[in-house]
Every structure is written in C-alpha cells, then in structure tokens.
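Analysis of the macromolecular model
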Amino acid sequence: MKIGIIGAGASGLMAAITAAKQGSNVTIIERKDRICKKILATGNGKCNFTNKSMNAFDFRSQRQGVFRDYISQFDENDTISMFQTMGMLIKDKNGYCYPRSEQASTVLDILRLQVKNLNIDVLSQSYPVSIQKKKKNFEVVLKTNEKLYFDRIILACGSFAGEKTKDDYTGYTYAKAFGHTIIPVVPALVQVRAKGKEFKSISGVRCDANISLYINNKLITEEFGELQLTDYGISGIPVFQLSRYVSYGIYEKKKVRVTIDFLPEYDLKTWLTFVSEKWHKADKNITSEEFFQGFLNKKLNLLFLKLGEIKVETPISQLTFTKIEQVVTHMKCWEIEIEGTNPYENAQVCAGGVSMDEITLEMESKLVPGLYFAGELLDVDGRCGGYNLQWAWTSGYLAGKAAATK
Ligand SMILES: Cc1cc2nc3c(=O)[nH]c(=O)nc-3n(C[C@H](O)[C@H](O)[C@H](O)COP(=O)(O)OP(=O)(O)OC[C@H]3O[C@@H](n4cnc5c(N)ncnc54)[C@H](O)[C@@H]3O)c2cc1C
C-alpha cells in the first residue's frame, strides 16, 4: 500500500508511523522546512502530550460521542504505553503527562527516530497544489509540478492556530475540493478581549476566580481557575477553556458577556457578613482604600472603588454601609462585555473544521473512499490539558491503521 500523508504534525507522524509499522510505503509531504515544528511550542515547551483523566466533556465537536466512538479506540493509556515502548520516560503531574525530560523536543526526537527507522519518506518545503482521485489511486501534484501517485491519502494539515499567516492550499481547501463540509473555523484556547477602559489599571493581576459566560443572556458555561488580567481583557486557563464559545458567539454576531466572581470560595451572604463585621469594628477615620485592604489584589480593590465612584482618600465616616455593600457585592459579579478573542496566531487550537458526520469510525471519508483525515483539521477541539494532542494521536493512529490495512 502506498500512502501519502499531507502534513507532518503530531497526527500526520502518528498516522505515518502506524501505517509504516503495518508494512505500508509511506511518504509525508510537509510545507515547512522541518517536521512537527508546532510540538516544540506545546505545554510551554514541555509538551503536555496526554492526560490520565479523560472524559467526554474534554472533547468538543458538532458530532456527539467523539470520546465514546474514537478516543476509546486509542486512549491515554495507549498513548502512554506507545511512548514508553518507544523509549520515553514520562512525568505525571496530577494526571497531566509530559516527557520526563520536560522538553517538548524529546517527543519530537522520539517520533523522528521512528520516522527514520521505518524508512518513511519526508518531502519537506513542499505542498500539493492539487489532489485528485483517479480510477485506481490518487494523483498529487506538488507546487514544483511533480506528480506523485498513492493508493491512500491522509489529510493531516492541522489548522490556522499558532500560525502568523493563512497559507493557500490548506487542509480545508483540499477537503472542500473533495466535497466535504467545513464547520466554521474559529480560534480556541485563546485570550479574550473585553470592551471597557479599566483593563489597563488591572493588567498583570493573577487570581483565582469563577468566570461565567453568557451569550445573548443565556448562561453557556462556567470555569474556575487562575484568571490573568491583561491590558485588553482576560486570559489564563479558565478563559482558554471557554474561549471557543466566545469565538462562536462573536462569529454569530451575538451579544457576549462574562461575569467574574473574584471570591468564589465565599457565598454572598458569608462575604457580606465578613464585610459588615469589619465595618462595625473599623475606626471610621480610615480611608476607603484602607478599609478595602485585605480583600483582593490592591489593583482590584482600587478598581472596585473607582467603579463605585468612591475616592480612595474618602474617610469611611462619609460613606454608608449600603454603599460599601454595593461595591463589595460587585466583587462577586463583575460583568464585562466581550468584543472578541485574540487572533489565530495566539490560539492553541481551532474549533470547527471538516465535519465529523462525513467521517467513518476508521477516519475514512464517507464521500471519497481511500481518503482519510486526522488531527485538528477535523471538527474536534479539546480542552486545555493534553486533550488536543490526544486527539492527534488517536485520529492519526486510526487513520494510519485503516489506510494501511483496509
Ligand atoms: C502554543 C501551543 C501550545 C499547545 N500546547 C498543547 C499542549 O500542551 N497539549 C496539547 O494537547 N495540545 C497543545 N497544543 C495543540 C496541539 O499542538 C495541536 O492540537 C496538535 O499539534 C495538532 O496536530 P495536527 O497534526 O492536527 O496539526 P499540526 O501539528 O499543526 O500539524 C499540521 C502540519 O501540516 C503542515 N501543513 C499544513 N498545510 C499543509 C499543506 N498544504 N501541505 C503540506 N503540509 C501542510 C503544517 O506545516 C504542519 O506541520 C498547543 C498548540 C499551540 C499552538
């Protein structure tokens, strides 16, 4: 079996290694000068390649049941044992798996050695300008006009995420040419941009918070974790987790807002009781700024005073408790309007892609026999935590195996 794989990222390499192990003759065509460059940037350079806690909730797609139908065929345990068999030690941080070296380059080195040992051909700095199904095989015309012929094609071209420019001839272009439906592609696992001028004054603050996302006033999802405030809006893992819904809300021109609870560990009643006790004990000559000391990060205390139109130097004797109550209640529900997300370049993944309704359980196109798909090009995006690479390993494995053996 001659198999042509377009894209030498995580899913393409996984497909290539799996197919070559089954005895297929495999060629990978990669646009960039080197294979699997993106992996070097993953997990802050450490590569969080899978996670020991994996649920349906961790994978998002318009097709229901991705976890049940696909991940279950090659799961986190298969990934871990595959890398161990290839000779890689593993570091487990609360279920988040990294190479023991804590260097993403280790994962790349391990995969590259397999590519070499299995005699997989890599054509780098090359890409197809056309891929056509002929009677018995596929014809791939490269940008150099060279023609290659394959029995099977696996499209593993990834998405726009992390890329500065959008190239011509993307995986979406090839998939569309074969008649596949593309679910709108938007940035995901990305920072969120807010309306309002107050962000400059709180930029740099990091704190635990609960974030609730509303689209057209409907609660869509809630996330808890370390929030990072930036001069343009909000970032951090909880923001990344809900950013795909923000992207779709904005794409569909809906009203998107979030509310932030800066004190999620206190219910409102307990919080107001604490503030009320402090108020009654307080020397009424202290300033409002002094009264707020001990609540939140100083920058946030000042922000809420400003939003409540209380001057920092005002003695609390000039304020009523009702006014204080109003301001501190705001700390548990600060509403901000969202104008969008950062661009693809800043995103870790894209949501959307080739519709999974047109893909078999073996990753084959339901429209074009012999055409397979793997990775982020498909309409599957994972939560932050190793789930996107797990999707790349799972889909690459299934595509490589079926292309070689079916
Ligand atoms: C900064 C960052 C950090 C991340 N961290 C993590 C993490 O810690 N854990 C995790 O699970 N996920 C992480 N991800 C996501 C993860 O890296 C991707 O989901 C995964 O790499 C997708 O694999 P893929 O094979 O589908 O696509 P890619 O890895 O993007 O590979 C696609 C390949 O196809 C090539 N290509 C594209 N078009 C063509 C063409 N026309 N012809 C030839 N070649 C082509 C590209 O150059 C690329 O090499 C991170 C992503 C980023 C950007």
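As shown above, the structure is provided for reference.
All of the points below concern the structure found in this document. (Residues numbered from 1 in each chain as written. Predicted model: local features only at pLDDT ≥ 70, side-chain atom pairs only at ≥ 80, totals over all residues.)

Considerations on the packing of helix H1 (residues 10-21) against helix H4 (residues 104-117)
With their axes 10 Å apart at the nearest point, H1 and H4 run at an angle of 40° to one another. Compared by their axis directions, H1 and H4 come out oblique. Pair H1 / H4 crosses with left-handed handedness. Contacts from Leu13, Ala16 and Ile17 in H1 reach Leu111, Gln114 and Val115 in H4. Looking at the contact of H1 with H4 residue by residue, the classes come out as five nonpolar, one polar and no charged. (Axes fitted to C-alpha atoms, helices over the stretch in contact; angles between N-to-C directions. Helix = DSSP H or I, 4+ residues; strand = E, 2+ residues; numbered from the N terminus. Parallel < 35°, antiparallel > 145°, perpendicular 65-115°, else oblique. Left-handed = near helix turned anticlockwise from the far one by under 90°. Contact = placed C-beta atoms within 7 Å. Nonpolar A, V, L, I, M, F, W, Y, C, P; charged D, E, K, R; others polar.)

Notes on the sheet that holds strand E2 (residues 25-29)
A sheet is described by the order of its strands in space; here five strands give the open sequence E7-E2-E1-E11-E20, paired in parallel fashion. The outermost strands of the open sheet, each flanked by one partner alone, are strand E7 (121-123) and strand E20 (371-373). Averaged over neighbouring strand pairs, the angle between their axes works out to 20° when direction is ignored. Inspection of the sheet shows strand E11 (residues 152-155) paired to E20 by three bridges, in the parallel sense. What sits directly across from isoleucine 154, in E20, is tyrosine 372. (Pairing = 2+ DSSP bridges.)

Observations regarding the nonpolar core
Judged by nonpolar contacts, the single largest core of 110 residues is most densely connected at Leu13, Ala16, Ile154, Leu155, Tyr372, Phe373 and Ala399. The element best represented in this core is helix H12 (residues 387-405), accounting for 11 residues. Among residues more than four places away in sequence, those in contact with tyrosine 372 are Arg152, Ile153, Ile154, Met363, Glu364, Ala399, Ala402 and Ala403. (Core = buried A, V, L, I, M, F, W, Y, C linked by C-beta atoms within 7 Å. Buried ≥ 20, exposed ≤ 12 C-beta atoms within 10 Å, placed from the backbone.)

A look at unusual backbone geometry
Phi is positive for cysteine 47, close to 65°, though the residue is something other than glycine. Along the chain, cysteine 47 falls in the loop between E2 and strand E3 (50-51). A count of 25 C-beta atoms within 10 Å places cysteine 47 in the buried class. Phi is positive for asparagine 216, close to 45°, though the residue is something other than glycine. Mapped onto the secondary structure, asparagine 216 falls in the loop between strand E14 (206-215) and strand E15 (218-229). With 11 C-beta atoms counted inside 10 Å, the residue asparagine 216 sits in the exposed group.

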